[in-house]
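# Chains, contacts and geometry: an overview
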Amino acid sequence: MSLLLYINGEKADTEPGQVIAQTRQVNDLNSLEDRQASYTNKFKLPKTANNLRIMNFLTETGNDSDVPYRKNDCSLYSESGECFVYNGWAQITDSGDDFDVVIYDGIIDLYKAIENKNLSDLDLSELEHLKSVHAIKDSWTQNKPYRYIAADYNGSTGKPNGYLQGLTIRDPKLDADYLIPSVNVAWLWDKIFTTYGITYEGSVFNTEDFKNLWMTYPKGVSPEDSEEDVFENDPDEMGYETNGTYTRTYYVGYNAWQTNNLQSLIQNRHLKVSEAGYYRIEVAGKITAYNFYNQLKRFRLFLGKNSAFLSSQAVLPWRIVADRLQSGVPFDLKSVIRLDAGDSICLMISKSANEGSTHGFAVNSVEDFSLKLVKINQDEYDFTIPFASFSIRDFLKEVIQRFALTLFKDKYTQKYTFYTLQEQLNGGNAVDWSKKFSKKKSEKYVYGSYAKTNWYRYKYNAADEDFNDGAIEVNNELLPESKNVFTSKIYSPERIRTRYLSAMRNVYKMWEKEQEEVTDEETGETELVTKYKSLSGRYYFLRCMSINRDVVLKSRLLQEEITSTFVYAESFRKLSFSDIMQTYYKPIHTLLQKALMVTAELYLTDADIANFDFKKLYYIEQLSGYFIMNKINNYIPGKPVTCELVKVHLSPQDVAVPPQIKIDKVIVTGYTAAIYFSINMAGASLVLLQYSPANQDNWQQVNSASPTSPSVYFSANGSGNYKIRLQVSEEFTGVTHTSQTVTITIPSNTTIYL
């Protein structure tokens, strides 16, 4: 049976009866790894005239083909027209008489899109702002992607619990100079996918847990910091490499300058800095570049690092400033970089990475060119500065791990669906494949590389802390004792909480407090003064809750003050890993207690492979259960294929999707009941409490509470048994969701956990 192979939109020649074995797999539960893409075995492609043309004459003498270095779109069809791979990746190498080809598909698209990318590579201009008391209040009253969440960041707090004036406690006064902005995780998540032309969906993204998740700016910014111009060239005295040959890469040089606070300027090309920190490079001008045939060519600007005394062709790209710039068109670019003391950078011009094969590349002119290197002003909140050290892959992993997500790519589009463990292991999506069963080959009783105790850990400011960590316990004596499954880049708040805004709240350490003796020059008296040393690299996740009370925001350094009628205060609700384990990891905990991986042969067809859905469970009567398909190994049409199956041991309670609103606990004290609840949805309106006599369905509304409140109260006028329940509506759709019903006895002193 022949297979139809298309590379870069053109049909390739394959040998008659060519066998291309396919391996289908999805990423393991709640993991994100490139190795989990689907792929084919390595197969040979003959060097026919047609195939050589498709490869741009790769391996031919004098060729300039870029096929081995770029993404080669690839589609694979069966003879009957079943689509196995649509717009996958073909990796092509030379094997002498033939080409060697491997095809990758699935999650490889997402992985390659974000490979070596940091959060600073996104357009974060909506986060840029100058800090002021008005900017802080605006983040509370306007729909911005960042918010100043009121918390103790271990800096000066002002008088967050109010202050005494006469016999009256006045409104809290918050020290605005030591508040830190946080970016909304949902906004940042969406920014990643839209930037790379990828769409996504999943019920978890509509939950309150996801929508109300924030990540702090990771540095305690000292208000006294200032911005410094380090270097600026004289545009009238511009230099660039003109060696008269059609090379691929050119140095930009500087014959004169207006500002030079560098440690040194090497060869008038390499800017060497004396201090470590974040720098902004600003480049503007117009560059004209041609090829041999006098055709305008697109080009890119990149930075080389610590490349002094190298030829231009030997300088490797360290940071791409911009790619696919149009020849002869003015540009104005900015890029934020992190340098250590003694590092040097140079600006290079080269052929665009996506230009494909060209006949030479030459820079003809550089006009009105200016380059400026600025040491960042820390008063200006530009999230690209610290986010240069946070990879997009790590950020996605943080979210995936916290919500126990598995991701699935649509075959024909750049769309990913994210399932929670509860959704993936829901028996309602099962397919009966009993008729496809051939034989069982083997069993294993360990899933993945888990241990008896599998830790999910935060980073901590103090050594040997673990109070916000969580673990999955596996009852298997043959496993190793302990393993760190996931170590987060996110810091935990401090163990000891502090009183802030009239409640005990978490401390997110952004400053280190130091006591210094200060001597008064006139009196000679000394006193201890608290100094605040800024910390960096402290990313925290937190939530916010609205508190309706008057607060005063005051900046001592800017001498500004403003009043607000409400404030967003910090919350760490359901963010400890022990809480996350309880909320999202119960199904995997149950699955691991009696882990069973079965290797079996199944009779699958081309249609089965082409339309396979890893999101479903598969029931096989001969194996007496439901299974997750972990891997389809080396499928060849017309032959039974070996499959790795993971048995699912779950009760209906384990696989049920979490309710939108749930009563967690009821504390009855005499004639009053406190009903504690959790909400699993975004955009929730007022929570309504309803009650009815236990032997009736005569529901009446008696109280309400904010969705961000932990509880609502019920007071009964008489004794007896009562039913209570909660209702909440979606703000924009008006859809109403109802909690479970709980029966209580009045009067009593009882605590009910649910």
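Scroll up for the structure.
Cut-off values and rules
- Residues numbered from 1 in each chain as written.
- Predicted model: local features only at pLDDT ≥ 70, side-chain atom pairs only at ≥ 80, totals over all residues.
- Heavy atoms only, no water.
- Buried < 20%, exposed > 50% of the residue type's maximum accessible area, 1.4 Å probe, protein only.
- Helix = DSSP H or I, 4+ residues; strand = E, 2+ residues; numbered from the N terminus.
- Pairing = 2+ DSSP bridges.
- Axes fitted to C-alpha atoms, helices over the stretch in contact; angles between N-to-C directions.
- Polar contact = N/O pair within 3.5 Å; in protein donor to acceptor, adjacent residues only side chain to side chain.
- Core = buried A, V, L, I, M, F, W, Y, C linked by side-chain atoms within 4.5 Å.

This part takes up the pairing of strand S20 (residues 249-254). The element S20 is largely enclosed, with a buried count of six among its six residues. Neither face of S20 is exposed, since Thr-249, Tyr-251 and Gly-253 on one face and Tyr-250, Val-252 and Tyr-254 on the opposite face are all buried. Looking at chain direction, S20 and strand S28 (residues 344-351) are connected through three bridges and run antiparallel. Looking across to S28, one finds that Tyr-251 is bridged to Met-348.

A word on helix H6 (residues 392-402). Residues three or four positions apart in an α-helix share a direction because the helix packs 3.6 residues into each turn. The element H6 is extensively covered by neighbouring structure, given that eight of its 11 residues are classed as buried. Among all positions of H6, only Ile-392, Phe-395, Leu-396, Glu-398, Val-399, Ile-400, Gln-401 and Arg-402 are buried. Two residues or fewer after H6 comes Ala-404, characterised by a positive phi angle close to 50°.

A separate point is the sheet that holds strand S16 (residues 199-201). The three strands are arranged S16-S32-S31 in an open sheet whose pairing can be described as mixed. Only two strands of the sheet have a single neighbouring strand rather than two, namely S16 and strand S31 (405-409). Taken over all neighbouring pairs, the strand axes of this sheet differ in orientation by 25° on average, direction set aside. As defined by bridge partners, S31 adjoins strand S32 (residues 415-420) across five bridges and the pair is classed as antiparallel. Bridging across to S32, Lys-409 finds its partner in Tyr-416.

Our next topic: the side chain of Asp-177. Locating Asp-177 in the fold gives a position in the loop between strand S14 (173-175) and strand S15 (181-184). The class for Asp-177 is buried, based on a relative accessible area of 5%. Among the polar contacts listed, one links the side chain of Asp-177 to the side chain of Ser-555, at a separation of 2.7 Å.

In this structure, Leu-119, Tyr-153, Leu-188, Trp-189, Met-215, Phe-395 and Tyr-585 are the most contacted members of the largest nonpolar core, which totals 101 residues. If you tally residues by element for this core, the top one is helix H4 (residues 185-195), at seven residues. Within the second largest apolar cluster, 44 residues are counted, among which are Leu-3, Ala-12, Cys-74 and Phe-627.

A few words on the environment of Cys-83. Tracing the backbone shows Cys-83 in strand S7 (residues 83-94). Taking the C-alpha atoms as reference, Cys-83 lies 8.4 Å from Ala-607; in sequence the two are 524 residues apart.

Below, the discussion takes up the sheet that holds strand S58 (residues 748-753). Sheets are built from strands that pair by backbone hydrogen bonding, the pairs being arranged parallel or antiparallel. Taken in spatial order, the four strands make up an open sheet running S54-S51-S50-S58, and their pairing is antiparallel. Of all strands in the sheet, those with a lone pairing partner are strand S54 (711-715) and S58, marking the two edges. Sheet twist, expressed as the mean angle between neighbouring strand axes with direction ignored, is 20°. As judged from the five bridges shared by strand S51 (residues 672-679) and S54, these two strands associate in the antiparallel manner. What sits directly across from Thr-672, in S54, is Ser-715.

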